[in-house]
Structures are given as C-alpha cells and as structure tokens.
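Summary of the model geometry
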Amino acid sequence: RVPADYPTVQAAVDAVPDRNAVPVTIAVAPGTYREKVFVPAGKPNLVLLGTGRDRSDTVIVHDTPAAQGGSTGSATVRIAANDVTARNLTFSNDFDEAAVELKGEQALAMKTTGDRIVFEDTAFLGNQDTLMTDSPKLTTVSRVYIRDSYIEGDVDFIYGRATTVIERSVIRALSRGSDSNNGYITAASTWTGNPYGFLITRSKIVSDAPDQSFHLGRPWHPGGEPAAVAQVLIRDTALPAAVKTSPWTDMSGFSWKDARFAEYRNSGPGAAPSPDRPQLGAADARTYTVTNYLKGTDGWAPHARR
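The following paragraphs examine the structure supplied in this document. (Residues numbered from 1 in each chain as written. Predicted model: local features only at pLDDT ≥ 70, side-chain atom pairs only at ≥ 80, totals over all residues. Heavy atoms only, no water.)

**Considerations on the overall build of the chain**
Filter applied, for reference: Secondary structure is summarised from DSSP: a helix means a run of H or I of at least four residues, a strand means a run of E of at least two, and numbering begins at the N terminus for each. Taken over C-alpha atoms, the radius of gyration is set against a globule rule of 2.2 Å times the number of residues to the power 0.38. Any two residues whose heavy atoms approach within 4.5 Å are treated as being in contact. Each accessible area is a Shrake-Rupley estimate made with a 1.4 Å probe; only the visible protein chains count as cover when residues are assessed. Positive charge is attributed to Lys and Arg, negative charge to Asp and Glu, and no charge count is given to His or to the chain ends. To locate a charge, take atom NZ for lysine, CZ for arginine, CG for aspartate or CD for glutamate.
Scanning the chain for helices and strands turns up four helices and 21 strands. Computed over C-alpha atoms, the radius of gyration of the chain comes to 18 Å, within 12% of the 19 Å expected from 2.2 N^0.38 for 306 residues, which places it in the range of a compact globule. Counting contacts in the chain only where the partners sit at least 6 residues apart, residues at least 24 apart contribute 75% of the total. A total accessible area of about 12300 Å² is found for the chain, and carbon and sulfur atoms account for 49% of it. Here the chain contributes 32 positive and 34 negative side-chain charges, whose respective centroids are spaced 7 Å apart.

What follows is the structure, given as structure tokens:
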C-alpha cells in the first residue's frame, strides 16, 4: 500500500518481484503524488488501484515537457509491462504550455508500450500529447482498453500506434484561444499491417473551443515512416459544435485521405455530414467492434468481464 508501506508509488512498483506471474495490487492512498512512475517490462501483472472515493482523490502528477528529455521522458507515468490495470486514479502532466515558449511543448501524462493494458475510471490530464498508447516497435501490436474514463488535451492528445479502445468515456478538447484551429484529438500511427488502430465508441466529446475549430485527427508518420498509416474509427459518439465539418487533416506532408479514418452513427452538433467525412458502412460496422479490436491472437476480452 502507498503511502503506508512505501513512501512513493515508484517505491511500491520497485518492490514487486521481477517477472511476477500472479497479479499484484498496489493500493494507492488518496493524495497527490508529485513523482514520475515507470513500470518496466519485467514487472507485468500489476494493478494500480486508487483507494479514494473518486478518481480525483488520488493523483499522480509531474510537470516535465518534451523540451527536457523528449516526449517519452516527459511522461508522468510510463507502462512498459504487459497486463497492467489502473483503476480509480488520475494521471496528470501539469506543465503550463501557456507560461513558457518551448520548442517541445509535448507533455505526456501517460505513455504505454505494453500489451493488455486496462484503464478503468481513470482521468488523463494535460495539453499536448496527453495520452500516448504505443508498442515496442512498429510491427508489434499492443492493445489498450480504456473505459468509464476522462481524457483532456489540445494537440494530438490521444496518439500512438497501439490498438486502443476508448469506451463510455468523456474526451475534452481544450481551447488554445484560436478561432480556427485549436488542435487535433487523435494522431494515430497504426502499422499498415494492423487493421485496428483507435476506436472511440459510446463516448462523448466535449469542448470549450469555438465552433468549427477542432479536428478529430491527423495521420502521424513518426520520422516519415510510410508504413505507419493511421486507423481511427469514431462511432456512436456525441460530437460538439467545436468539431470541424471537415474534421480530418493532413500532417507533415501526408494526406489524411490516405489514412484509415471513419465515423459511424455519431450524433450532436459536430456530426453534421459533409463530403470530407468518410462514413463506415453497416457491414463494416459489424466488424469494427470492441471485441475485434481487442481479441488479437489470444482472445483478450477485458470488456466482457462485467
């Protein structure tokens, strides 16, 4: 338990035996933990459990920007291990992007590279690059399931190449004070051999940004990698007026039209049809499901445990 048995979350993680085969729960007492936490690949089968009444009672926060150690180094929490679950916690990077002019304003609250990662009733707070779900290398598929959670940010704040399902959650697109372009909700870098990138489903996107000033996403090709071809489906989700009528856009010379972007049965003022909004057909919609995104080769089904 933290802080009863260990002074920091990292100290509790460090105490877990390497290559532990049975799940170990780290119970984190309510409070604000100003530290950076790394769960190395050799410590799988961890549960990080906030023990407060609400996820806002237990906060792990730091304020490192990418200008000080790169985007990975900026992450408040990094999970490299497989089979890690976090519940009832808030992860935050409270670097103030408005206070300083830096060349690297990316400031991650969370970066994952492990497989079979679950976030339930968690919050991710930040501005640019809040949540990165990634994998160890381009052709390795890692899976992440996020449910009943909250994610906020402005530029590319849900990004990476992991197959990631966000369900029954609230995504807040924060205004940067622009009348025309306040940011991009997603920046997927899905491997072209992986049909499943990001799925946002049965969720709600909200925003304080002006109407027609936010993009749903853009295709990220890290280092110009041509085999990273974003796949994003937003379905059965409410969209605010802040979302542009042409919600997808190019990135670093790569056209959004070459990526795999689609919507299905979205609602709200930000979901108005336009020629620049690819819609999934009904037959494909039966294939692009939470189950199919997550099952992989081992039949992983964290959503079916309820």
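What follows continues from the structure just given.
**Some details on the pairing of strand β4 (residues 46-50)**
To be explicit about the condition: Under the scheme applied here, a residue whose accessible area is under 20% of the maximum for its type counts as buried, over 50% as exposed, and between as partly exposed, the area being computed with a 1.4 Å probe on protein chains only. Whether two strands pair depends on DSSP finding at least two bridges between them.
Taken across its five residues, β4 has four buried, putting it largely inside the fold. Inspection of the sheet shows strand β1 (residues 24-28) paired to β4 by five bridges, in the parallel sense. Counted as the bridge partner of threonine 25 is valine 47 from β4. Relative to strand β7 (residues 84-93), β4 runs parallel, the two sharing four bridges. The residue of β7 that forms the bridge with leucine 46 is valine 84.

**Quick notes on the sheet that holds strand β6 (residues 77-79)**
Here is the rule we go by: Each axis is a line fitted through C-alpha atoms, and for a helix only the stretch in contact is used; angles between axes span 0 to 180 degrees, taken between their N-to-C directions.
Strand order in the open sheet made by the seven strands is β3-β6-β8-β10-β13-β16-β19, with parallel pairing throughout. Each having just a single partner strand, β3 (37-39) and β19 (214-217) make up the two edges of the open sheet. For this sheet the average axis-to-axis angle between neighbouring strands, irrespective of direction, equals 10°. Note: β6 against strand β8 (residues 110-112), three bridges, orientation parallel.

**Some points on the nonpolar core**
Here is the rule: The definition of a nonpolar core used throughout is a set of buried Ala, Val, Leu, Ile, Met, Phe, Trp, Tyr and Cys residues joined through side-chain atoms within 4.5 Å.
In this structure, Val9, Ile26, Phe91, Phe119 and Ile185 are the most contacted members of the largest nonpolar core, which totals 54 residues. Of all hydrophobic cores here, the second largest spans 14 residues; its members include Leu199, Tyr264, Tyr293 and Leu294.

**Comments concerning the side chain of arginine 55**
Stated formally: Here a polar contact is taken to be a pair of N or O atoms separated by no more than 3.5 Å, where protein atoms must pair a possible hydrogen donor with a possible acceptor and residues adjacent in sequence count only if both atoms sit in side chains.
Relative to the elements of secondary structure, arginine 55 occurs in the loop between β4 and β5 (58-62). Polar side-chain contacts of arginine 55 include one of 3.1 Å to the side chain of aspartate 121. In this view, arginine 55 contacts Asn88, Leu89, Thr90, Asp121, Thr122, Ala123, Asp148, Ser149 and Tyr150; residues no more than four positions away in its chain are not counted.

**Quick word on the pairing of strand β13 (residues 155-160)**
Judged by how many residues are buried, β13 sits mostly within the fold: six of six residues are covered. Two elements, strand β10 (residues 131-133) and β13, share two bridges in a ladder whose sense is parallel. Bridge pairing in β13 places leucine 131 opposite isoleucine 158. Both β13 and strand β16 (residues 183-188) contribute to a ladder of four bridges, which runs parallel. For tyrosine 159, the partnering residue across the bridge sits in β16 and is alanine 187.

**Thoughts on the packing of aromatic side chains**
Heads up, the condition is: In this analysis, rings of Phe, Tyr and Trp, with Trp reduced to its six-membered ring, are considered paired at centre separations within 6.5 Å, and the interplanar angle assigns stacked below 30 degrees, edge-to-face beyond 60, and tilted for intermediate values. We call a charge positioned over a ring when the NZ of a Lys or the CZ of an Arg lies within 6 Å of the ring centre and within 35 degrees of the ring normal.
Under the definition given, this model contains eight aromatic pairs. Both rings, one in phenylalanine 91 and one in phenylalanine 124, keep their centres 5.7 Å apart while their planes meet at 25°; by these two values the pair is stacked. Taken together, the positions of phenylalanine 91 in strand β7 and phenylalanine 124 in strand β9 (residues 117-125) put the pair 33 residues apart, joining distant regions of the chain. Summarising the burial analysis for this pair, phenylalanine 91 and phenylalanine 124 share the class buried. Taking the centre distance of 5.6 Å and the plane angle of 70° together, the rings of tyrosine 196 and tyrosine 288 count as edge-to-face. Placement of the pair is tyrosine 196 in the loop between β16 and β17 (198-201) and tyrosine 288 in the loop between α3 (282-285) and α4 (290-294), with a sequence separation of 92 residues. The exposure class assigned to tyrosine 196 is buried, which follows from its relative accessible area of 16%. For tyrosine 288, a relative accessible area of 21% corresponds to the partly exposed category. A network of ring pairs unites the aromatic residues Phe91, Phe119 and Phe124 as a single cluster. The ring of phenylalanine 38 is capped by arginine 78, whose NZ or CZ atom sits 4.3 Å from the centre of that ring.

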